[in-house]
Amino acid sequence: MDRSPRRPETAANRAKAKRRREREEKVKAGLAQLDLWLRGCVRQGVASVPPHPDPFWEDIAARMVDAQAPGIARELRSMAKIPHVKTRWPERLLARLGRLHLLVEGFSRLEELPPGTQADIRTQIGWTYDRETLLQQPGQFDRWWVLGQQVETDAAATPNLRARRVWLWGESCGKHAFSLEFAYGERPFEETWDLGAAIEGELVFYPSAYPLRGVLKPDAQVLQTETLQQMPGFKSIAAALRGYSSALGQNLWLDRFPLTLARCVPESGGKAIADENGDRLPVAPDFTGGWPLMAISGGEAIAIFGEWDGEFWLPLSAFAEGRLVVLG
């Protein structure tokens, strides 16, 4: 007979479990609707999908909100901008539709998948993690360097909401991480991050098959006298793309990959980046720091850090002549 102590089942725990079951049922029903919608897109042909704004997109996004799958609603509203806006848009749209299909299939087999993949699927759907609970978990202690940040807005999905990703690099562990923060309207972000700052402390990663998002514990300390001596990165574009492929193999829904090239040269007004082998990466069309980046380089190889989305690279900082410079 099992005589081990058991945690008493309180009314609060029962209510929480009930809410969890109810949400999972709503999500399941919503994804069944999404699956039919995706099949309809393929049957009618991706090239015939109407552009944004159109009820074709908003109706299914609203259904996902009702199904308590806000992450999918945001993805659909983002996808609505693709048709008739960018070149090769049918290919881009088909790839994003394929990722949604994988999400539907993954959720239908959730219990069969590894814990990290389960976490990635839940995150994409819109489940969130309690920050305070996460901070109770053991983390990675290191000296974390601030390499860059990117602020985004998505008026179509959430008006007046700004999201900021601050990218960190662990000196000893060699891992990248980003801290994600939100601010509404004109309100400033709560935290202040200085480019090139060193922060010593413990960082806890959010659950994922390829962990990137993390949160520093409150006792982390900024090292005032420390300066970054170098910015280690991939030695070639080919090696960087192999790293990206490996990461994507672990998290199929990875939309931003931290990519540093240790020695590269900006070309064509900063519209492309070349390595010493002559390979090139296209820079994001909305990158505004092309000519300043050319000036920083002066035609010489420098280290550049940025976000790679599988198609374009968005440079965020450059390391040249012993200093880290913000870009954009």
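Residues numbered from 1 in each chain as written. Predicted model: local features only at pLDDT ≥ 70, side-chain atom pairs only at ≥ 80, totals over all residues. Heavy atoms only, no water.

1. A closer look at the overall build of the chain
- The helix and strand tally for the chain stands at 8 helices and 12 strands.
- By its C-alpha atoms, the chain is 65 × 60 × 40 Å across when sized along the principal axes.
- Put simply, the chain has 328 residues, and 44% of those count as buried.
- In the chain, the share of contacts with a sequence separation of at least 24, taken over all contacts with a separation of at least 6, comes to 61%.
- The averaged location of the 42 negative side-chain charges in the chain is 6 Å from the averaged location of its 41 positive side-chain charges. (Helix = DSSP H or I, 4+ residues; strand = E, 2+ residues; numbered from the N terminus. Buried < 20%, exposed > 50% of the residue type's maximum accessible area, 1.4 Å probe, protein only. Contact = heavy atoms within 4.5 Å. Lys, Arg positive; Asp, Glu negative; His and termini not counted. Charge placed at Lys NZ, Arg CZ, Asp CG, Glu CD.)

2. Side note on the nonpolar core
- Counting 37 residues, the largest nonpolar core has Leu-259, Leu-261, Ile-273, Leu-293, Ile-304 and Trp-313 as its most contacted members.
- Residue assignment for this core shows that the elements contributing at least two residues are β1 (140-153), β2 (161-170), α7 (237-250), β7 (257-267), β10 (302-308) and β11 (313-320).
- The element contributing the most residues to this core is β11, with 6 residues.
- Each residue touching Trp-313, except ones within four places of it in the same chain, is listed here: Leu-259, Leu-261, Ile-273, Leu-281, Pro-282, Val-283, Ala-284, Ile-304, Phe-305, Gly-306, Glu-307 and Trp-308.
- The next biggest cluster of nonpolar side chains, apart from the first, holds 31 residues, and it includes Met-64, Ile-82, Trp-89 and Leu-110. (Core = buried A, V, L, I, M, F, W, Y, C linked by side-chain atoms within 4.5 Å.)

3. Remarks on a positive patch on the surface
- Taken together, Lys-16, Lys-18, Arg-19, Arg-20 and Arg-21 make up a surface patch of like positive charges.
- For Arg-19, the position within the fold is in helix α1 (residues 11-44). (Patch = residues over 30% accessible without salt bridge, like charges linked within 9 Å, V, L, I, M, F, W, Y side chains within 5 Å. Areas by Shrake-Rupley, 256 points an atom, 1.4 Å probe, with all protein chains shown as cover. Salt bridge = Lys/Arg side-chain N within 4 Å of Asp/Glu carboxyl O.)

4. Points about the sheet that holds β7
- Spatial ordering of the open sheet is given by β9-β8-β7-β10-β11-β12, a layout of 6 strands whose pairing is antiparallel. Unpaired on one side and paired on the other, β9 (280-282) and β12 (323-326) mark the two borders of the sheet. Averaged over all adjacent pairs, the angle separating strand axes in this sheet is 40°, with direction ignored.
- Across 4 bridges, β7 lies against strand β8 (residues 272-275) in antiparallel orientation. By the bridge assignment for β8, Glu-267 is matched with Ala-272. (Pairing = 2+ DSSP bridges. Axes fitted to C-alpha atoms, helices over the stretch in contact; angles between N-to-C directions.)

5. Quick look at the packing of aromatic side chains
- Applying the stated criterion across every chain yields a total of 11 aromatic pairs.
- Consider the rings of Trp-144 and Phe-205, whose centres lie 6.4 Å apart with planes at 70°: the pair is edge-to-face. In this pair, Trp-144 is assigned in strand β1 and Phe-205 in strand β4 (residues 198-205), connecting sequence segments 61 residues apart.
- Seen in terms of ring centroids, Trp-167 and Phe-305 are 6.1 Å apart; in terms of plane orientation they differ by 65°. Their pairing is edge-to-face. Of this pair, Trp-167 sits in strand β2 while Phe-305 sits in strand β10, and the two are 138 residues apart along the sequence.
- Three or more aromatic residues joined by ring pairs make a cluster, and in this case those are Phe-234, Tyr-244, Phe-257 and Trp-308.
- Over the ring of Trp-127 we find Arg-23, and its NZ or CZ is 4.4 Å from the ring centre.
- Cation over ring: Arg-162 sits above Phe-189, and NZ or CZ is 5.0 Å from the ring centre. (Phe/Tyr/Trp six-rings, centres within 6.5 Å; stacked < 30°, edge-to-face > 60°. Lys NZ or Arg CZ within 6 Å of the ring centre and 35° of its normal.)

6. Observations regarding the side chain of Ser-179
- Tracing the backbone through its elements, the reader meets Ser-179 in strand β3 (residues 176-184).
- Given the relative accessible area of 12%, Ser-179 is considered buried.
- Beyond its immediate chain neighbours, meaning those up to four positions away, Ser-179 contacts Arg-164, Arg-165, Val-166, Trp-193 and Gly-214.

7. Notes on the confidence of the model for the chain
- Confidence in the prediction of the chain, expressed as mean pLDDT, is 91, and 95% of residues score 70 or more.
- Mean pLDDT per element in the chain: α1 is the minimum at 90, and α7 is the maximum at 98. (pLDDT = per-residue confidence, 0-100.)

8. Considering the pairing of β12
- One ladder, built from 4 bridges, connects β11 with β12; its direction is antiparallel. Residue pairing across strands places Ala-318 opposite Val-325, the latter belonging to β12.
- Connecting the antiparallel pair β11 and β12 is a turn made up of 2 residues, with Glu-321 showing a positive phi of about 55°.

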